[in-house]
Structures are given as C-alpha cells and as structure tokens.
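An overview of the molecular structure
Listed below, chain by chain, are the residues.
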Amino acid sequence: MRRRVSRRMRDVTDRLGDRVREAGRASRQRVRTYFIVAVQAGLAAALAWLIAREVLSNPDPTFAPAAAVGVIAAALGGRTRRTVELVVGVVLGIVVGDMLIRLLGTGPWQTGAVVFLAVSAAVVVRGTGALVTQAGGTAVLVATLTPVSPDLELPRTINALVGGLVGLVVVLVLAPLNPLRTVRRVADPALDTFAREMTASAEALAHGDARAADAVLARMRAAEPELDQIDEVVNAADEVVRFSPVRWRRRRALAAYRDGAEHLDRAFRNSRALVRRVGTALRDREPVPADLPAALEHFGTAIRLLHREFLAAREPHAARERVLRAVRDAGAACRQDIGFSGTIVVSQLRTAANDVLRATGVPADEARRQVRRAAAARAP
C-alpha cells in the first residue's frame, strides 16, 4: 500500500515538474519571439510623440504614441488593415460624438448614448475589435472633454493618423522583423514537438505502454498553441516581405511556410486523433504488428526532414519519400493481424500523410493518388 501511494505521489510530482518546465520553456520562447515587438513599440511611440509635438506643434500629442503602439501591439499580422481601422474608428467616433453632443448636450446619460451609438455604427459597418474600440473610446473623449477642451476633433484625428503611419513605417522600414528568423523561432519548437511526440507514440506502441500513449496525447494537446502561433507569425512575416523593401529577398523562402502552415496544422490535429486511438488499441490489448510503430517512427522523421528542407529553401523530396514510406509500412500492418483501433490508426496516418504531402506543395489529387499507391504497395 505504501509503495503504491509513494508511486502515485512520485507520478504526480513528475507530471507537475513537467508542466512547470514546459510553462517556463514556453515563456522563454514567447519572450524571444516577441522581443522585437517591444523594440518596435518603444521606437514608434518616441517617433510619434516627436512628430506630433515638434513637427506639427500639437500641444497634447498623447494619442499619437498611443495609436502607434496600438498598431504594433494589436497583432503581429494585418497591421496595415488595423491602421486603417484605427483611423476610421477615430473619425467615426468624432462624427457621431460631435453630432450628438450638439443635439443632446453633455452629461452622464448623453455620454452613454453617444458611446452606444458610436459602437453601434462601428458594428453596422462590420468593424472589427480595433475599429469598435477606437470609435467607442473617441466618442467617450468627445462627450466628456468637449466642454473643457473644445476643438478636440481635428487634433485627435491627426494624432491617430500620425501614430498609425509611424507604426507602419517602424515595422516595415525602420525595424522590420527578420521573417525567417522569427518563423524559425516559432516553427523550430512546434515542429520539433510534433516530430518528437510521433516518435514517442511509436515507442509507446512498440512497448505496449498505454500510459505513455496517454502522456503523448496530453502533451500534444498542450502543444496546440505552438502550432497556432506558427500561423500568426507566418502572416506577420508575409506582411513584412510583401511591403518592406529590405525584406523582399526573403519572399521565396517564406512562401514554403506560408503555403504549408495550414496543411501542417491539419496534419497535427489528425495525428493527435491517431495517438488517441493508439492508447485505445493498447488498453484493449489489440495485436500490434511491428510495421505499425515503424510507420509512426517514419512519419515523425518526415516532419523533421520537412522542417529542415523548408529552412534550406529546398524542394522537400526527402520528406515526401519518408512520409510515403510511413504509409507503406502502415499498409503492410493493415494486411496483418490488427484490431479495430489499429485499423483506425492506419487510416488516420494516411490522412495525416496526405496533409504533409500537401504541405510540401503536392496538389490535392496527386497527394491522394500517391497515398493510395503507397498504401497498396507490397514489400518485394
């Protein structure tokens, strides 16, 4: 009894330690990835304040640096669109607020009415969060400051425009992120995790360890935000290589990540379903042909090869060959003594393999054809 309790306590302690280490690693990774955003925000705020105060002689330039930081910090990607939304939101808040203040006067209920109508107008024009926030915030300022600070509308609009434009200049010209380095910092741990967990699932299957398979599934669920982050960073990098003259030469190398990110995300989700079935097969004590864990091992290797070939801007021939080898081994396993869950593992592997082929640039019909042919191939 004491040994059992001691073992459970040790397992709990090990899991807690793993979670703490994983959280620390994720925090360090996010600091490395987003450090450039902090640099850009500081530079943009300083420049926006100088331009609004010293060049345009605006006695209250507060909103210019605030707008610049808002453009940079709102999201890594889509900053051009968000700049337009920011300025449009300010103008919309001013128009609605000024019109209603002239009709209704000022006061608490007038402020509420002004903000309600400004936000409603932003929603009607299908504005996103940035536009709605700016429309509502500007309406508040117009409603509350107009009695003590008349003629607020034009300076605030100019400040919004200055801040938005300065933010764009900083992120696209003065301090643009290095697109490949930024993508690599996010993709390296995410794809390494993907490959490592597929290898771990192969080992769990080979050793008949259902608890190890469950642990792999838990880690893959926890790693999902890393895969989501790839898409966010690729969109930001794509914006830089399209609009920043100093980064144009990176277009070709980044294109592979941009085109493959969606398919890799699907491959990861299908692989997670695969691992869930691995645990079920082991708990049900289904027969496990040796070719099945070998197939999972080859699939994990294919993910590693794909990552290396993307970074080297090479055609991913090795990754394609390895993922088809995984499909061949899975097909061989399916023709042996295998249970119901094992059959589903094979099916999920084929689906994930199709996703990986699509990520390498293979057209949809050709990817399906190659997977079917590899699954039906027999060893010589």
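Residues numbered from 1 in each chain as written. Predicted model: local features only at pLDDT ≥ 70, side-chain atom pairs only at ≥ 80, totals over all residues. Heavy atoms only, no water.

1. Considering the packing of helix α12 (residues 317-334) against helix α13 (residues 340-359)
Keep this limit in mind: Angles shown run from 0 to 180 degrees and are taken between the N-to-C directions of axes, each axis being a line fitted to C-alpha atoms and, for helices, limited to the stretch in contact. Think of it this way: any DSSP run of H or I at least four residues long counts as a helix, any run of E at least two long counts as a strand, and we number them from the N terminus. Should an angle fall under 35 degrees it is called roughly parallel, over 145 degrees roughly antiparallel, and 65 to 115 degrees roughly perpendicular, with every other angle called oblique. By definition, turning the near helix anticlockwise from the far helix through less than a right angle yields a left-handed crossing, and turning it clockwise yields a right-handed one. Every residue pair with non-hydrogen atoms within 4.5 Å of one another is taken to be in contact.
Running from amino to carboxyl end, α12 crosses α13 at an angle of 165°, the nearest separation of the two axes being 10 Å. Judged by the angle between their axes, α12 and α13 are roughly antiparallel. For α12 against α13, the interelement crossing comes out left-handed. Here R320, V323, L324, A326, V327, A330, G331 and C334 of α12 lie close against α13, whose contacting residues are T343, V346, L349, R350, A353, V356 and L357.

2. Looking at the nonpolar core
Definition in use: Working definition of a nonpolar core: buried Ala, Val, Leu, Ile, Met, Phe, Trp, Tyr and Cys residues. They are joined through side-chain atoms within 4.5 Å. A simple rule labels every residue: compare its accessible area, found with a 1.4 Å probe on the protein chains alone, to the largest value its type can have, and call it buried under 20%, exposed over 50%, or partly exposed in between.
Counting 61 residues, the largest nonpolar core has I230, L274, V278, L296, F299 and V323 as the members making the most contacts within it. Looking at this core, the elements with two or more residues in it are α7 (179-207), α8 (210-222), α9 (224-243), α10 (251-283), α11 (291-311), α12, α13 and α14 (364-376). With 12 residues, α7 is the largest single contributor of residues to this core. Apart from the residues lying within four places of it in its own chain, the contact partners of I230 are V186, A187, A190 and A261. V37, A44, V170 and V171 belong to the second-largest nonpolar core, a separate cluster that totals 14 residues.

3. Some thoughts on α8
Rule in force here: To estimate how far a helix should extend, the number of its residues minus one is multiplied by 1.5 Å. Pairing of N or O atoms within 3.5 Å defines a polar contact, subject to two protein rules: one partner must be a possible hydrogen donor and the other a possible acceptor, and residues neighboring in sequence count only if both atoms are side-chain atoms.
Across its 13 residues, α8 extends 19 Å between first and last C-alpha, which sits within 8% of the 18 Å expected from 1.5 Å per residue. The distance from a side-chain oxygen at the start of α8 to the backbone nitrogen of R211 is 3.2 Å, and the residue carrying that oxygen is D209.

4. Here we look at the pattern of salt bridges
Applied cut-off: What makes a salt bridge here is a side-chain nitrogen of Lys or Arg within 4 Å of a carboxyl oxygen of Asp or Glu, nothing more.
Within this structure, the stated rule accounts for six salt bridges. Between D265 and R269 there is a salt bridge, and its shortest N-O distance comes to 2.9 Å. You can see D265 and its partner R269 sitting in helix α10, four residues apart, about one turn around the helix. For R368, the salt bridge goes to D365, with nearest N and O atoms at 2.3 Å.

5. Some thoughts on unusual backbone geometry
Despite not being glycine, R285 shows a phi value in the positive range, around 55°. Checked against the element boundaries, R285 lands in the loop between α10 and α11. Relative accessible area serves as the criterion here: at 76%, R285 is assigned to the exposed category.

6. Quick word on α14
Test applied: Each direction from the helix axis to a C-beta atom contributes to the arc, which is the arc of those directions.
Across its 13 residues, α14 extends 19 Å between first and last C-alpha, which sits within 8% of the 18 Å expected from 1.5 Å per residue. Along α14, the residues that are buried comprise A367, Q370, V371, A374 and A375. The arc enclosing the buried residues of α14, seen along the axis, measures out at 130°, which places them on a common side. Pointing more than 90 degrees away from the buried face of α14 are the exposed residues D365, R372, R373 and A376. Buried residues belonging to α14 abut α12 and α13.

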